[in-house]
Protein chains: 2
Amino acid sequence: MKELAQLVNSSDSVLLFPHSKMDGDAAGSCGALCAALRNQGKKAYIFCDEVVPANLQFLVKDFITDDPDVFDVPGLCMAVDCGELGRFASRNETFLRGNRLACLDHHENGGQFEDAVCYVEPSSASTGELMLQLLLEMGVEITPFMADALYAAITTDTGDFRFSNSKKETHEAVAMLYDFGLDHAKVCNEIYDNERMEKLRMHSLAIADMEMIAGGKANIVCVTQNMLAESGAEMWETEGLIDTMRTIAGVEISALLKEDAPDKIKVSLRAKSYGEVLTIANAFDGGGHKKAAGGTIRKSIGEAKALVKDAIEQWFVAYDVQKQEEI
Amino acid sequence: MKELAQLVNSSDSVLLFPHSKMDGDAAGSCGALCAALRNQGKKAYIFCDEVVPANLQFLVKDFITDDPDVFDVPGLCMAVDCGELGRFASRNETFLRGNRLACLDHHENGGQFEDAVCYVEPSSASTGELMLQLLLEMGVEITPFMADALYAAITTDTGDFRFSNSKKETHEAVAMLYDFGLDHAKVCNEIYDNERMEKLRMHSLAIADMEMIAGGKANIVCVTQNMLAESGAEMWETEGLIDTMRTIAGVEISALLKEDAPDKIKVSLRAKSYGEVLTIANAFDGGGHKKAAGGTIRKSIGEAKALVKDAIEQWFVAYDVQKQEEI
């Protein structure tokens, strides 16, 4: 961390690289560092060739550039909240043009860059917490804007402190941010109270259509093109829907099916505690982890739903048999 | 706090009084103290004559009694998260039978008991934080169960750290709870992932029927008896619905109308920042505060909706006129 702080402090022109599909952790961490660098009188930008989600725009202000030639040769190119070239593939060429390379990340696979100064701490719940450490190590004066941006990074990556990655150090970092002028209510309003009505309507249509299966231990929701047309929402706005499905008492496994095209159904599966959704995803050549898996089914939404439903119910039958045998 | 800790430590039989309509803060704070007292080998109960909400039952375990005669004369009766007799009216007689009286609360109007040892700190976001201080002052060993119960108190009363009452000390208290074995993910699962499917369905029907008014600056939702019948939900399960309405970008004022009976419509109004909903509630003899107000309209749901809609739109017209004049 000391080496990284020295490198950043000694660089006069800095390009920051958040990952593709920028989230609150990437945007907040980049925003805080970019503000710090500009306050030091340096030239700094966040290099991004995608649209920033509306609720995150306050974090990156006018820091964004999509011009790969904003610097002839950037003094420092730094990957933030991502640790491999594949996480920002369309911007690799510019990244590698940096005179020096760096990386700050909290993902397991972080730090996959040659000749880069990397600080990667997978035990940290967010890159925002690591960015706070970096700013302190750099000796910069942390402003209320930076405190807000780092809070945004932390609250989004921990599911508002609910996910299992949240821990003692997370709350200690937030407590410290108040000393620098954090206005958490303002940040939460920007981040969480910025939904499109169309998205809420689509979620409502989907939940109204939800089916409980496996005796209430699982639920399944299909978002069809018809629902998008009826609500005016877009398919990416299904974000958060599976989390709502999981809030129902007794539900162990949730399945969300998205009709991307009449014969292209994207499936997301989540388990709460004992469920193993990777086994279920294998039934249709999907992949993932034990608690979060998915895949694509090239059938109609009705056929896909029947297939997933069947795989889930079979998994519970097998699970019950195994439990019986153990007794 | 020292005096209160000494009083609790010197009492052999203790009855705890949460307020009516027990919430997470009352349940978690009572649960933690009751566990501490029993671990000290004392007789302690939470006296409550209402059904405890399903998602809070893990906090009060077998501590609840509805028997006013569980003690002939309770050594200590202590109001928790409430500061006046009116907050647990049906249990006043038993409370006043206590040999000694006490109160731990964070409400503005706390400590309204004669001859009671009261610790009231309105600047605290939750009674849970004060209960942590009390347990530390009492010198008890804080167990993982107590840590979980206090976390439940804090997360629920701060809206998962989003409300404006949350602050530095709130996060410092949570950081400390990890030292005592807090499992926040387990608590969040119990508290937040314990919804009835019927409730979610009702919220969906209501949101699908939501009307945006005043050029998108307000929204209005009616929950009818038909929606309850269609979803299987009960009217009290509208809890949280107005918060969802508020998450829509650009919405300043939200109005929720509940059809309790064909000619009895309960109205809830919320404003985010500059809106003044008390003025709007006055249009139908309601009351409340600037940012949260309501009342009852004795008309049909259709008439009530027209009335509220009109009052909201008129408020925005008046607000715009006033703003114009200021310029």
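Residues numbered from 1 in each chain as written. Chains lettered and ligands numbered in written order. Predicted model: local features only at pLDDT ≥ 70, side-chain atom pairs only at ≥ 80, totals over all residues. Heavy atoms only, no water.

Remarks on helix α7 (residues 168-179) of chain A
Quick reminder: α-helices carry 3.6 residues per turn. Residues three or four places apart thus point the same way.
At step 1: End to end, α7(A) covers 18 Å across 12 residues, agreeing with the expected 16 Å (1.5 Å per residue, within 8%).
At step 2: Where α7(A) is concerned, the buried positions are A:T170, A:H171, A:A173, A:V174, A:A175, A:L177 and A:Y178.
At step 3: Tucked inside the fold, the buried residues of α7(A) contact α5 (127-138), α6 (144-157) and α8 (184-192) of chain A together with α7 (168-179) of chain B.
At step 4: A:G181 sits one or two positions beyond α7(A) and adopts a positive phi of about 100°. (Helix = DSSP H or I, 4+ residues; strand = E, 2+ residues; numbered from the N terminus. Expected span 1.5 Å × (residues − 1). Buried < 20%, exposed > 50% of the residue type's maximum accessible area, 1.4 Å probe, protein only. Contact = heavy atoms within 4.5 Å.)

Focus on the sheet that holds strand β1 (residues 13-18) of chain A
Residues and elements named next belong to chain A.
At step 1: Within the open sheet, the 6 strands sit side by side as β3-β2-β1-β4-β5-β6. Their pairing is parallel. Two strands lie at the open edges of the sheet, namely β3 (64-65) and β6 (116-120), each paired on one side alone.
At step 2: Across the face of the sheet, helix α1 (residues 2-9) comes into contact with β4 (76-80), β5 (100-105) and β6 while running at roughly 130° to β5.
At step 3: Of the strands in this sheet, β4, β5 and β6 touch α5, which is tilted by about 125° from β5. (Pairing = 2+ DSSP bridges. Axes fitted to C-alpha atoms, helices over the stretch in contact; angles between N-to-C directions.)

Things to note about the domain arrangement of chain A
At step 1: For chain A, the domain assignment lists domain 1 (2-192) and domain 2 (197-326).
At step 2: Computed from C-alpha atoms alone, the centre-to-centre distance between domain 1 of chain A and domain 2 of chain A is 33 Å. (Domains from an automatic or database assignment.)

A short note on the environment of B:A208
At step 1: If you trace the backbone, B:A208 turns up in helix α9 (residues 197-208).
At step 2: Beyond its immediate stretch of four places on either side in the chain, B:A208 contacts A:R201 and A:S204.

Things to note about the confidence of the model for chain A
At step 1: Summarising the model, chain A shows a mean pLDDT of 95, and 100% of its residues fall at 70 or more.
At step 2: Taken over the whole predicted complex, pTM reads 0.88, whereas the ipTM for its chain interfaces reads 0.88. (pLDDT = per-residue confidence, 0-100.)

Comments concerning the state of the cysteines
At step 1: The full count for this structure, using the stated rule, is 0 disulfides over all chains.
At step 2: Left unpaired, B:C188 is separated from the closest cysteine sulfur, that of A:C188, by 15 Å. (Disulfide = S-S within 2.5 Å.)

Re unusual backbone geometry
At step 1: Phi is positive for A:D160, close to 55°, though the residue is something other than glycine.
At step 2: Residue placement: A:D160 occurs in the loop between α6 and α7.
At step 3: Phi at B:D285 takes a positive value of approximately 60°, unusual for a residue other than glycine.
At step 4: Within the secondary structure, B:D285 is located in the loop between α12 (277-282) and β11 (287-288).
At step 5: Look at B:D285 and you get exposed, because its relative accessible area is 77%.

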